[in-house]
Amino acid sequence: MKIVGHNLTTKESFYFFEIAKGLWITSRHFIYNMYFHIAHLLGKYPEVPAAVTIQYPEEKIPLSRRWRGRHRINARPDGSPRCVACMLCETVCPVQCIHIVAGEHPDPAIEKYPVSFEIDVTRCCWCGMCEEACPVDALYMDTGKNPEPGFSREDLLYRKEQLVKEMPLPGCQRSLNAPGQGPMEANPLGL
Amino acid sequence: MPTLTIDDQQVTVDQGTTILEAAKKLGIAIPHFCYHPRLTKVDACRMCLVEVKDAPKLVTSCSNAVRDNMVVFTGTPKVEEARKSILEFILINHPLDCPICDKAGECTLQDYYFRYSSQPSRFKDNKVEKHKVVDLGAKMVLDSERCVVCGRCVRFCREVVGEENLGIFNRGDHSEIGTYPGKKIEHNYQGNLVDVCPVGALTAKDFRFKCRSWLLCKADTICPGCSNGCNAVVHFTLRSFNGIKGQRVFRLTPRENNDVNKIWLCDVGRWGYSFVDSIDRLTTPALKKGEDFVKGDWDTALRETASGLKTVVERYGPSAVGVIPSPHLTNEDLYALKCLFSCVLKVANIDFKLPGLDKGEGDKLLLKADRHPNTRGAELLGLSGTGLSAEAMMEKVKTGEIRALYLAGSDPVKYIGEKAEEALSRAELLIFQGTNFSASCKLAHVILPGATFVEKEGTFTNYQGRLQKINKALEPLGEALADWEIFTRLGKRLGAYPSYRCAEEVFKDMAREVAPFNGLSYQKIGPQGIKIADSSQ
Ligand code: SF4
Ligand code: SF4
Ligand code: SF4
Ligand code: SF4
């Protein structure tokens, strides 16, 4: 371990000059930002940026296509989830927050389907491993949504009925099939 | 005895041993599908090919016997190439079902693919489609696409069960396993088909889709289904929400023991575990108040039991107490019971032999008519014939001569019927200790919840007199306790009783006191059990 010491110079030890310097920097930014904000309101100098902060929630940063938001389950054309209840997401989930009960599907070509599928987002750590583990075109985290606060734990238990209705954020879809539709012409990520 | 060299290691084996078995002795695994140590050899799959020096072609190691001075290579490029080709051939029409296949994680084909092939498919045509989800009867489902046509299932039914249930129909890549038209499989050994099938073609309805194999923990146990005492492995989960909520035990699979069950398990035992997590499990001590039961804690329930027994013994003598234990309990439980009742309370009326205890339906292979795992153990511990018989006790309960009756896991109403029901309802004090609700439990004044075979350590003695050990896999459900622990706690309230802390301590005492167990310890029993007495009768 290295201890980095800093001995005050004579000028710094007076404090007054340092305080004045700090006030000067703050006021300079304040006056500059206010001037350009007012100028923008009057339609002047639109090319010069004012404050560097993003004016959330009016303004939002564009999300990366890889951004991990709330989960969704991709739907088959008939609206049922594409999930085959393989429990790989349940297995890989490091916090064990996915709970699946599998059942026998009447169609032998599908065979296995989730009778119930729950994600307990109170425990989810947004690692995205479930999305990676899914061997079929089912589980995605491309909704672009943050988890919403809820009034009870029940509100934060996302079930398959709700997950299957979620839509991908336009431009960020990571599934090969659009929800409820057949195969797309090309991979949306250009892969 | 021929001596041969396999991969530069020398081994001497019996005349007639196959190369595969000789290699196994050296710890060299040769992949195979159709070979099974307990079925005839058919060399159908060609997966076990090895190179033998001076042989013109690769030979099948499962069916070729060793010769003296033979030199075998199991890992040459030629052998590896052959394995890879065989796997590619099998996988041409194999569906990509692993995510939904119950066998995944313990599938031979999956393992071999990753170990010996790992090459991407080169097949461009459409796969041959076969029947999926074929119902084979009440217990099994077949998926023909996943079948590698090794024929093990056909041979199992023919050779072990002695029934012609399954056959291979059609030819080439259209070969399919199936039952004969209009027939279903009905025998009691269908669960073994899942075990003999190297892939996920045969799946059991009981386990189907309930859990993935890799989420299950395993513990060695003994099947509690009958007095045969088949060696088994219990598969359970510690995660409360895997599969079906509330289910902890998912299946029983056989463990090899040449002297008991070979490598098989019958369906009655294999699928008889459901009582462990069933809704009628007794999870808290309960006391009868009027017509209803109220939940109590151990303290109250044991106080009530102890004071009740004490009063009866003091007022009317030990002959006014009757005890009917169940041969479902372990030797440790029964020994603790015996200590309590015959040593502390001097009760002579202890008899486990309810009439009809051994009147189930057995068969020639494994299943015995006596559906209790520890009947022989109860006999060896002398829990019968010291006083009145169980049936006579019922009569005396009815006439009021026996005032307190202790049912340790036994259910007289099930075996004796109405007569017992009438008698039990007249008892002054009826204590029921057991795992699940039953007709006798309904009449009890005090209910003490006991642990099932997966929730306690202990030993069973099977019908041959072989002592075998069960292990604790799970904690008892709710507030239930192992039966020996209940007797220990009760013993402390009734007099001088050893304070046992684990089943092993009970066993040590038993090994000192009871002749057939003399000198034994849990270490000496080992995974395969030890014969301590002759078969009963
Ligand atoms: S994002 Fe990670 S923590 Fe959340 S459900 Fe998926 S695997 Fe589990
Ligand atoms: S990994 Fe995909 S298919 Fe498998 S259970 Fe999860 S969501 Fe369903
Ligand atoms: S049988 Fe084996 S390889 Fe075939 S789908 Fe099942 S797990 Fe996969
Ligand atoms: S069903 Fe299984 S055991 Fe029977 S032939 Fe097919 S792969 Fe072999």
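Not measured: the values here are computed from a predicted model.

Conventions we followed
Residues numbered from 1 in each chain as written. Chains lettered and ligands numbered in written order. Predicted model: local features only at pLDDT ≥ 70, side-chain atom pairs only at ≥ 80, totals over all residues. Heavy atoms only, no water. Helix = DSSP H or I, 4+ residues; strand = E, 2+ residues; numbered from the N terminus. Rg over C-alpha atoms; globule rule 2.2 N^0.38 Å. Contact = heavy atoms within 4.5 Å. Areas by Shrake-Rupley, 256 points an atom, 1.4 Å probe, with all protein chains shown as cover. Lys, Arg positive; Asp, Glu negative; His and termini not counted. Charge placed at Lys NZ, Arg CZ, Asp CG, Glu CD. Pairing = 2+ DSSP bridges. Buried area = accessible area lost by both parts, 1.4 Å probe. Salt bridge = Lys/Arg side-chain N within 4 Å of Asp/Glu carboxyl O. Polar contact = N/O pair within 3.5 Å; in protein donor to acceptor, adjacent residues only side chain to side chain. Near = heavy atom within 4 Å. Nonpolar A, V, L, I, M, F, W, Y, C, P; charged D, E, K, R; others polar. pLDDT = per-residue confidence, 0-100. Domains from an automatic or database assignment. Patch = residues over 30% accessible without salt bridge, like charges linked within 9 Å, V, L, I, M, F, W, Y side chains within 5 Å. Buried < 20%, exposed > 50% of the residue type's maximum accessible area, 1.4 Å probe, protein only. Phe/Tyr/Trp six-rings, centres within 6.5 Å; stacked < 30°, edge-to-face > 60°.

Draft legend 1. Main features of the overall build of chain A. Within chain A one finds 4 helices and 5 strands. Beginning at the N terminus, the succession of helices and strands in chain A can be written as α-β-α-β-β-α-β-β-α. Since a compact globule built from 191 residues should have a radius of gyration of about 16 Å, the 26 Å found for chain A marks it as more spread out than a globular shape. Taken along its principal axes, the extent of the C-alpha atoms in chain A is 85 × 50 × 40 Å.

Draft legend 2. Structural detail: the overall build of chain B. Scanning chain B for helices and strands turns up 16 helices and 22 strands. Based on the C-alpha atoms only, the size of chain B along its principal axes is roughly 90 × 50 × 40 Å. Within chain B, residue pairs in contact and separated by at least 24 positions form 66% of the contacts whose partners lie at least 6 positions apart. Split by element, the accessible area of chain B, about 22,900 Å² in all, is 51% carbon and sulfur. Distance between charge centres in chain B, computed from 72 positive and 67 negative side chains, equals 1 Å.

Draft legend 3. Quick look at the pairing of strand β8 (residues 166–169) of chain B. Residue and element names in this part refer to chain B. Two elements, β8 and strand β9 (residues 176–179), share 4 bridges in a ladder whose sense is antiparallel. Considered in β9, the bridge of Ile168 is made with Ile177. Count of turn residues in the β8/β9 antiparallel hairpin: 6 residues, of which Asn170 carries a positive phi of about 65 degrees.

Draft legend 4. Expanded view of the interface of chain A and chain B. Contact residues are listed per partner, giving 20 residues for chain A and 19 residues for chain B. Across the chain A/chain B interface, buried area totals approximately 1,700 Å², and carbon plus sulfur atoms make up 59% of it. The partner of Glu111 of chain A in a salt bridge is Arg208 of chain B, and the shortest N-O contact between them spans 3.1 Å. In this assembly, chain A and chain B are joined by 5 residue pairs in polar contact (both at pLDDT 80 or more). Elements supplying a minimum of two residues to the side of chain A that touches chain B: α2 (88–92), β2 (98–104) and β3 (112–120) of chain A.

Draft legend 5. Representation of the site of ligand 3 in the model. The full set of residues close to ligand 3 is His94, Asp97, Cys98, Cys101, Ala104, Cys107, Leu109, Gln110, Arg146, Val199 and Gly200 of chain B. By residue class, the composition of the shell around ligand 3 is 6 nonpolar, 3 polar and 2 charged.

Draft legend 6. A look at the confidence of the model for chain A. Averaged over every residue, the pLDDT of chain A is 88; the share at 70 or more is 95%. Scored below 50 in pLDDT, residues 187–191 of chain A makes 6 contacts in the model with residues more than four places away or belonging to other chains.

Draft legend 7. Focus on the domain arrangement of chain B. You can read the domains of chain B as domain 1 (3–91), domain 2 (96–111 + 122–209) and domain 3 (286–531). For domain 1 of chain B versus domain 3 of chain B, the distance between C-alpha centres works out to 53 Å.

Draft legend 8. How the structure looks around the environment of Ile185 of chain B. Residues and elements named next belong to chain B. With respect to the helices and strands, the residue Ile185 is situated in the loop between β9 and α5 (191–196). Between the alpha carbons of Ile185 and Cys157 there is a distance of 9.4 Å; along the sequence they are 28 residues apart. Dropping the residues within four chain positions of it, Ile185 is found in contact with Leu136, Gly137, Asn165, Leu166, Thr179, Gln190 and Leu193.

Draft legend 9. Local environment of a nonpolar patch on the surface. Taken together, the side chains of Phe30, Ile31, Met34, Ile38, Leu41 and Leu42 of chain A present a nonpolar region at the surface, about 690 Å² in accessible area. Considering the arrangement of structural elements, one finds Leu41 of chain A in helix α1 (residues 16–41).

Draft legend 10. Spatial organisation of the pattern of salt bridges. In total, this model carries 42 salt bridges over all chains according to the counting rule given. The salt bridge partner of Glu428 of chain B is Arg403 of chain B, with a shortest N-O separation of 2.8 Å. Here Arg403 of chain B lies in the loop between α10 (390–399) and β17 (404–408) and Glu428 of chain B lies in the loop between α12 (418–426) and β18 (429–434), a separation of 25 residues in the sequence. Residue classification places Glu428 of chain B among the partly exposed positions, given a relative accessible area of 45%. Using a relative accessible area of 24% as the deciding quantity, one classes Arg403 of chain B as partly exposed. If you follow the salt bridges from partner to partner, you end up with Glu104 and Glu111 of chain A together with Asp97, Lys132, Asp143, Glu145, Arg146 and Arg208 of chain B in one network.

Draft legend 11. The arrangement of the packing of aromatic side chains in detail. Applying the stated criterion to the full structure yields 16 aromatic pairs over all chains. Ring geometry for Phe14 of chain A against Phe17 of chain A: centres 6.4 Å apart, planes inclined by 85 degrees, an arrangement best described as edge-to-face. Residue class for Phe14 of chain A comes out exposed when judged on its relative accessible area of 56%. Centre to centre, the rings of Phe275 of chain B and Phe453 of chain B are 6.1 Å apart; their planes meet at 35 degrees, and the pair counts as tilted.

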